[in-house]
Amino acid sequence: NAGVTQTPKFQVLKTGQSMTLQCAQDMNHEYMSWYRQDPGMGLRLIHYSVGAGITDQGEVPNGYNVSRSTTEDFPLRLLSAAPSQTSVYFCASSLQGKVRNTEAFFGQGTRLTVV
Amino acid sequence: GDSVTQMEGPVTLSEEAFLTINCTYTATGYPSLFWYVQYPGEGLQLLLKATKADDKGSNKGFEATYRKETTSFHLEKGSVQVSDSAVYFCALRSGAGSYQLTFGKGTKLSVIP
């Protein structure tokens, strides 16, 4: 079982460059989300999606775009990278977002450095 | 809004020592509570969960009891091993229709032989 797959695992960008972090899940999950993990900050929600064609902002959405054209894929786009976006990014999916005891499954993470 | 507060780390223990990681929460609805574990270089994975008051979640020797009266969900293990070295996150999902998992800041545990 692949679960949640993120690519790339590591990336170095120059300030101002753009890139897309890929996330795919093969569990037919309805709900997908992106988090960033920073030292001493825990995980903070960037964007989330409750189904194909539906996305919404989380706690720290500025500088990031998302789209959900299929159930499986939920890419995260950095439009113009800034050093403040240096972080570890995690994609997660859940079977049903509205069920409060639903487990979230996480990808392995993408470590992004912006220089 | 929802929030989770965990004890500050890092925590260093000797092998076979008793572990407690404190977690308290505030929530707008009736939340489900989770502990996630992150091993070095990996993503988060569910360790255990509890969905209503007085429920006890358990897995791999770890336990946590949902205490509604004290809004707490402390993680315990009677005898830790070197392989338990990881970062532990307490989290909740509110029962008020929220889609979001709210995480604590994480507690890094190091177990030394």
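Whatever comes next refers back to the structure up there.
Reading the values: rules and limits
Residues numbered from 1 in each chain as written. Chains lettered and ligands numbered in written order. Predicted model: local features only at pLDDT ≥ 70, side-chain atom pairs only at ≥ 80, totals over all residues. Heavy atoms only, no water. Helix = DSSP H or I, 4+ residues; strand = E, 2+ residues; numbered from the N terminus. Buried < 20%, exposed > 50% of the residue type's maximum accessible area, 1.4 Å probe, protein only. Contact = heavy atoms within 4.5 Å. Pairing = 2+ DSSP bridges. Axes fitted to C-alpha atoms, helices over the stretch in contact; angles between N-to-C directions. Salt bridge = Lys/Arg side-chain N within 4 Å of Asp/Glu carboxyl O. Lys, Arg positive; Asp, Glu negative; His and termini not counted. Polar contact = N/O pair within 3.5 Å; in protein donor to acceptor, adjacent residues only side chain to side chain. Disulfide = S-S within 2.5 Å. Buried area = accessible area lost by both parts, 1.4 Å probe. Core = buried A, V, L, I, M, F, W, Y, C linked by side-chain atoms within 4.5 Å.

K.L.:
What is the right way to look at the overall build of chain A in this model?
P.N.:
The helix and strand tally for chain A stands at zero helices and eleven strands. Ordering the α and β elements of chain A from the N terminus gives β-β-β-β-β-β-β-β-β-β-β. Each principal axis of the C-alpha distribution contributes one length, and for chain A these read about 40 × 30 × 25 Å. Residues counted as buried form 49% of the 115 residues belonging to chain A. Considering only contacts in chain A between residues 6 or more positions apart, those separated by 24 or more positions represent 53%.

K.L.:
Is there a simple way to think about the sheet that holds strand E7 (residues 56-59) of chain B in this case?
P.N.:
Whenever strands of a sheet pair, they do so through backbone hydrogen bonds, lying parallel or antiparallel. All names here are of chain B. Ordered by their spatial adjacency, four strands build an open sheet running E3-E9-E8-E7, and the pairing between neighbours is antiparallel. Of all the strands in the sheet, the pair left with one neighbour each is strand E3 (19-21) and E7. Across the sheet, the mean angle separating the axes of adjacent strands is 15° when strand polarity is ignored. Strand direction decides the pairing type here: E3 and strand E9 (residues 75-77), joined by three bridges, are antiparallel. Bridged to Ile-21 within E9 is Leu-75.

K.L.:
Hey, could you run me through the pattern of salt bridges in this one?
P.N.:
When the charged atoms of two side chains with opposite charge come close together, those side chains can pair. Summed over the entire model, instances satisfying the criterion amount to six salt bridges over all chains. Here Arg-44 of chain A makes a salt bridge to Asp-38 of chain A, at a shortest N to O gap of 2.9 Å. With respect to class, Arg-44 of chain A is no different from Asp-38 of chain A; both count as buried. Asp-55 of chain B serves as the salt-bridge partner of Lys-52 of chain B, at 3.3 Å between the closest nitrogen and oxygen. Where salt bridges share partners, they join Arg-36, Asp-38 and Arg-44 of chain A into one cluster.

K.L.:
I would appreciate a short explanation of the side chain of Arg-93 of chain B in the present structure.
P.N.:
Within the secondary structure, Arg-93 of chain B sits in strand E10 (residues 86-93). Nearest to the buried, unbridged Arg-93 of chain B among oppositely charged side chains is Glu-30 of chain A, at 9.0 Å. A distance of 3.1 Å separates the side chain of Arg-93 of chain B from the backbone oxygen of Thr-102 of chain A, its partner in a polar contact.

K.L.:
It is not clear to me how the state of the cysteines should be interpreted in this structure. Could you clarify?
P.N.:
As used here, a disulfide is simply a covalent bond connecting the sulfur atoms of two cysteines. Residues and elements named next belong to chain A. Enumeration according to the criterion identifies two disulfides over all chains in this entry. Across the disulfide from Cys-23 sits Cys-91; the S-S distance is 1.9 Å. Residues Cys-23 and Cys-91 share a disulfide whose torsion about the S-S bond is about -70°; that sign makes it left-handed. Taken together, the positions of Cys-23 in strand E3 (residues 19-25) and Cys-91 in strand E9 (residues 87-94) put the pair 68 residues apart, joining distant regions of the chain. For the pair Cys-23 and Cys-91, one class covers both residues: buried.

K.L.:
Sorry, what's going on with the sheet that holds strand E8 (residues 76-78) of chain A here?
P.N.:
Residue and element names in this part refer to chain A. Across the sheet, which stays open at both edges, the four strands sit in the order E1-E3-E8-E7 with antiparallel pairing between neighbours. The sheet is open, and its two edges are formed by strand E1 (4-7) and strand E7 (64-66), each paired on a single side. Each neighbouring strand pair of the sheet contributes to a mean axis angle of 20°, computed without reference to strand direction.

K.L.:
Would you mind going over the interface of chain B and chain A with me for this structure?
P.N.:
Often, the extent of an interface is quoted as the loss of accessible area on bringing the components together. Facing 24 residues of chain B, the contacting portion of chain A comprises 23 residues. Note on chain B versus chain A: buried area summed over both sides is about 2000 Å², and carbon and sulfur give 54% of it. When the area that chain B buries against chain A is broken down by residue, the three leading residues are Leu-44, Arg-93 and Tyr-99 of chain B, summing to 33%. Linking chain B with chain A are zero salt bridges. Put simply, chain B and chain A have four residue pairs in polar contact (both at pLDDT 80 or more) between them.

K.L.:
Honestly, the pairing of strand E6 (residues 54-57) of chain A in this entry has me stumped. Any pointers?
P.N.:
Working note: regular strand, side chains alternate between the two faces of the sheet. Residues and elements named next belong to chain A. Both strand E5 (residues 42-51) and E6 contribute to a ladder of three bridges, which runs antiparallel. Bridge pairing links Tyr-48 to Asp-56 in E6. What sits between the antiparallel neighbours E5 and E6 is a turn of two residues, in which Gly-53 has the positive phi angle 85°.

K.L.:
Looking at this structure, I do not really get the nonpolar core. What am I missing?
P.N.:
It is characteristic of soluble globular proteins that their nonpolar side chains tend to be buried jointly. Residue and element names in this part refer to chain B. Core analysis: the biggest nonpolar cluster contains 26 residues, and Trp-35, Leu-47, Leu-48, Phe-73, Leu-75 and Tyr-88 have the highest contact counts within it. Elements supplying a minimum of two residues to this core: strand E2 (11-14), E3, strand E4 (23-26), strand E5 (32-38), strand E6 (44-50), strand E8 (62-65), E10 and strand E12 (107-112). At four residues, E10 tops the list of elements feeding residues into this core. Look past the residues within four positions of Leu-48 in its chain and what remains in contact with it is Leu-33, Phe-34, Trp-35, Gly-57, Ser-58, Asn-59, Phe-62, Glu-63, Ala-64, Phe-73 and Leu-75.

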